[in-house]
Protein chains: 2
Amino acid sequence: MRAGVFDSGVGGLSVVKSLKAHALFSEIIYFGDTARVPYGVKDKNTIIRYSLEALEFFKNFDIDIMIAACNSVSAYAIDELRQNAPFKVSGVIEPGVLALKNKASRKDLSILILGTRATIQSGRYEKLLKAHGFSNITSVAPSLFVPIVEEGLFEGEVLETAMHHYFKGLEAPDFIILGCTHFPLIAKAIGNYFPHATLIHSGDAIVEFLQNEYALKGVFEETELKLFASENPDQLKATAALWLGHQSV
Amino acid sequence: MRAGVFDSGVGGLSVVKSLKAHALFSEIIYFGDTARVPYGVKDKNTIIRYSLEALEFFKNFDIDIMIAACNSVSAYAIDELRQNAPFKVSGVIEPGVLALKNKASRKDLSILILGTRATIQSGRYEKLLKAHGFSNITSVAPSLFVPIVEEGLFEGEVLETAMHHYFKGLEAPDFIILGCTHFPLIAKAIGNYFPHATLIHSGDAIVEFLQNEYALKGVFEETELKLFASENPDQLKATAALWLGHQSV
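Residues numbered from 1 in each chain as written. Chains lettered and ligands numbered in written order. Predicted model: local features only at pLDDT ≥ 70, side-chain atom pairs only at ≥ 80, totals over all residues.

Visitor: I tried to follow the sheet that holds strand β4 (residues 88-90) of chain A on my own but got confused; where do I start?
Guide: Whenever strands of a sheet pair, they do so through backbone hydrogen bonds, lying parallel or antiparallel. All names here are of chain A. Spatially, five strands are ordered β4-β3-β1-β2-β9 in an open sheet, and the strand pairing comes out parallel. Of all strands in the sheet, those with a lone pairing partner are β4 and β9 (224-229), marking the two edges. With strand direction ignored, the average angle separating the axes of adjacent strands in the sheet is 20°. Sheet analysis places strand β2 (residues 27-32) next to β9, joined by six bridges and oriented parallel. In the sheet register, Ile28 faces β9, and the bridge partner there is Leu225. The strands that helix α2 (residues 44-58) touches are β1 (2-7), β2 and β3 (65-68); relative to β2, the one it contacts most, it runs at about 145°. (Pairing = 2+ DSSP bridges. Helix = DSSP H or I, 4+ residues; strand = E, 2+ residues; numbered from the N terminus. Axes fitted to C-alpha atoms, helices over the stretch in contact; angles between N-to-C directions. Contact = placed C-beta atoms within 7 Å.)

So this is what it looks like as structure tokens:
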């Protein structure tokens, strides 16, 4: 089995890490649109256009499934990708909601969705959670988290102040959906802020989804990873070396 | 006289504000590449490619000069724009350095350059300042300032913490170059942090430059402003209404 993983930038490597750890694929083709990152502040139509361009790129490879690791792509472009793809397409929103559902003992538990402006405005997480019977839902777009992660400030005063800015006044939730590939890198800090919350990570969720939905088994001894970027591929490769060897991601 | 003003996003409106206030042009065509903002984190080659695309757009209009309000464009793409443009092209780096020179009583005064990663890495401000005899120069790329401005946090704890993060350990400078169109919006906070520094603003600097270099006079009763964006033009128009009627910008 071969997968194509598409992300707006380097963040999707946090999803690749989970896929590799579970050995679901013999090969992963990763494409990060680093020249046009971030998608989370862009319009629906722009996100769809860029996603369809990425689809054309993946058609160059013999893949079985294309995984949109980017939540903003998952929120806006999944239908268009499915209509045009000669292979299976999966986003991370449905897997995230199903992972939460499998962990939730009751439907009245409180859920905090964290995502980019595009993901939150799409309302996709909220709609799907409601369809599964959840109702105690709060959505927040902490726009500064992405640049803070890209600045490498995974802990410390800047992140703490930003968390306080976005989280003050919120009741402690039972679940937090990390609805952006950048957020797993600050999962520890978010977990410290809300110590009783269960965090939902797109990487773990997609693994669970692929195992359940497509009966994928971790049968491959090694996953070959091929990295492509629309700009600065060396930086993507350096980040991959750092993240995929880094235990906290 | 007609000008085309090019910026990576909405930030260049702070330059338009200065141009309008001095009535240097009868018409300003503004193009913000809002679909691909920010440029300040992109590669040199990408910035050049996008700038040449913007040049093609401006060729549709009968303009006398194209002004690159974006410091990252000014840092990397001015030569390429000049080679291909049928009209005059000006960036904001040379004007900024000349404005500083006109205000500086001595060559040993200390200068702090603030810019995006691309602008700082280009070394263009530093090189030009040295060519004019200045040597006490510090360069900092406070990458979080742009998203903080875009989040509308022009004052308060998040901005204060970020300033402390980037500025701690720096000696108080005599001059600060606001080397990004976003930074004039937090000029007050930066000025409070370094109360004895003189701030150099690209908008004021380009006005001074056009008056000196091209002997432009403020002869037009009104400047007609036409706004174009590669994405979400309504948001650009809303920002223009806010900023151009807003006294602190």
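Visitor: Explain the pairing of strand β5 (residues 111-115) of chain A here, please?
Guide: Look at any regular strand and the pattern is simple: side chains alternate between the two faces of the sheet. All names here are of chain A. Counting buried residues in β5 gives five out of five residues, a clear majority hidden from the surface. Of the two faces of β5, the one holding Ile111, Ile113 and Gly115 and the one holding Leu112 and Leu114 are both buried throughout. For β5 and strand β6 (residues 137-140), the ladder comprises four bridges, and the chain directions are parallel. Within the sheet, the bridge partner assigned to Ile113 lies in β6 and is Ser139. Relative to strand β7 (residues 175-179), β5 runs parallel, the two sharing five bridges. Across the sheet, Leu114 pairs through a bridge with Leu178, a residue of β7. (Buried ≥ 20, exposed ≤ 12 C-beta atoms within 10 Å, placed from the backbone.)

Visitor: Looking at this structure, how should I read helix α1 (residues 13-21) of chain B?
Guide: Since the α-helix advances by 3.6 residues per turn, residues separated by three or four positions end up pointing in the same direction. Residues and elements named next belong to chain B. The set of residues buried in α1 consists of Leu13, Ser14, Val15, Val16, Ser18 and Leu19. Lining the buried residues of α1 we find β1 (2-7), β2 (27-32), β3 (65-68), α11 (202-213), β9 (224-229) and α12 (233-243). Immediately downstream of α1, the backbone of Ala23 shows phi near 50°, a positive value.

Visitor: Even after reading the chapter, I still don't get α11 of chain B, so can you show me in this structure?
Guide: Residue and element names in this part refer to chain B. End to end, α11 covers 15 Å across twelve residues, agreeing with the expected 16 Å (1.5 Å per residue, within 8%). Within the sequence span of α11, burial applies to Ser202, Gly203, Ala205, Ile206, Val207, Phe209 and Leu210. Following α11 by one or two positions, Ala215 adopts a phi angle in the positive range, close to 50°. (Expected span 1.5 Å × (residues − 1).)

Visitor: Teacher, can you tell me more about the relation of the copies chain B and chain A here?
Guide: The two chain copies are connected by a rotation around an axis plus a translation along it. Once chain B is rotated about the relating axis by 180° and shifted along it by 0.0 Å, it coincides with chain A to within an RMSD of 0.0 Å. When the rotation and shift are considered jointly, the pair of chain copies conforms to a two-fold rotation axis. Of the C-alpha atoms belonging to chain B, the one lying closest to the rotation axis is found on Arg36 of chain B, 2.9 Å away. (Least-squares fit on C-alpha atoms with pLDDT ≥ 70 in both.)

Visitor: Looking at this model, I keep getting lost on the nonpolar core. Mind explaining?
Guide: Soluble, globular proteins show a tendency: their nonpolar side chains are buried together. The biggest cluster of nonpolar side chains holds 156 residues, and the ones touching the most others in it are Ala68 and Ile177 of chain A together with Ala68 and Ile177 of chain B. Once you skip the residues sitting within four places of it in the chain, Ala68 of chain A turns out to touch Phe6, Val73, Ser74, Ile78, Leu81, Gly91 and Val92 of chain A. (Core = buried A, V, L, I, M, F, W, Y, C linked by C-beta atoms within 7 Å.)

Visitor: Please clarify how the sheet that holds strand β8 (residues 198-201) of chain A should be interpreted in this entry.
Guide: Residues and elements named next belong to chain A. Pairing is parallel in the open sheet, where four strands are placed in the order β6-β5-β7-β8. Each edge of the open sheet is held by one strand with a lone partner, namely β6 and β8. With strand direction ignored, the average angle separating the axes of adjacent strands in the sheet is 20°. When β7 meets β8, the two strands line up parallel, connected through four bridges. In the sheet register, Ile176 faces β8, and the bridge partner there is Leu199. The strands touched by helix α7 (residues 124-131) within the sheet are β5, β6 and β7, with β5 carrying the most contacts at an inclination of about 155°.

Visitor: I keep staring at the interface of chain B and chain A and nothing clicks. Help me out?
Guide: Reports often express the size of an interface as the amount of accessible area lost when the parts come together. Each side of the interface is counted separately: chain B has 17 residues, and chain A has 17 residues. When residues of the side of chain B that touches chain A are traced back to their parent elements, those giving at least two are α8 (145-150) and α9 (157-167) of chain B. A per-element tally of the side of chain B that touches chain A places α9 of chain B first, with five residues. When grouped by side-chain class, the residues that make up the side of chain B that touches chain A number six nonpolar, five polar and six charged. (Nonpolar A, V, L, I, M, F, W, Y, C, P; charged D, E, K, R; others polar.)

Visitor: Would you explain the confidence of the model for chain A in this entry?
Guide: Any region with low pLDDT has predicted coordinates that should not be read closely. For chain A, per-residue confidence averages 94 on the pLDDT scale, and 98% of positions sit at 70 or higher. Both confidence scores are given for the complex: pTM 0.90, ipTM 0.87. (pLDDT = per-residue confidence, 0-100.)

Visitor: Got a minute to help me understand unusual backbone geometry in this structure?
Guide: One can expect most non-glycine residues to show negative phi and most peptide bonds to be in trans. Residues and elements named next belong to chain A. The peptide bond linking Val37 to Pro38 adopts the cis configuration, its omega dihedral lying at 0°. Secondary-structure assignment places Pro38 in the loop between β2 and α2. Look at Ala23: it is not a glycine, yet its phi comes out positive at around 50°. Relative to the elements of secondary structure, Ala23 occurs in the loop between α1 (13-21) and β2. Positive phi, normally seen in glycine, also occurs at Asn232, with a value near 55°. Secondary-structure assignment places Asn232 in the loop between β9 and α12 (233-244).

Visitor: I would appreciate a short explanation of the environment of Phe61 of chain A in the present structure.
Guide: Residues and elements named next belong to chain A. As for its placement among the helices and strands, Phe61 is situated in the loop between α2 and β3. Look at Phe61 and you get partly exposed, because 16 C-beta atoms sit within 10 Å. Taking the C-alpha atoms as reference, Phe61 lies 8.1 Å from Ile29; in sequence the two are 32 residues apart. If we ignore the near neighbours within four places in the chain, the residues touching Phe61 are Gly4 and Ile29.

Visitor: Explain the packing of helix α9 (residues 157-167) of chain A against α9 of chain B to me, please; I cannot follow it from the model alone.
Guide: If you want to describe how two helices pack, look at the angle between their axes and the distance between the axes. One way to put it is that α9 of chain A packs onto α9 of chain B with a least axis distance of 9 Å and a crossing angle of 175°. By the criterion of interaxial angle, the relationship of α9 of chain A to α9 of chain B is roughly antiparallel. Seen from α9 of chain A, the contacting residues are Glu157, Val158, Thr161, Ala162 and His165 of chain A; seen from α9 of chain B, they are Glu157, Val158, Thr161, Ala162 and His165 of chain B. For the contact of α9 of chain A with α9 of chain B, the class distribution of residues is four nonpolar, four polar and two charged. (Parallel < 35°, antiparallel > 145°, perpendicular 65-115°, else oblique.)

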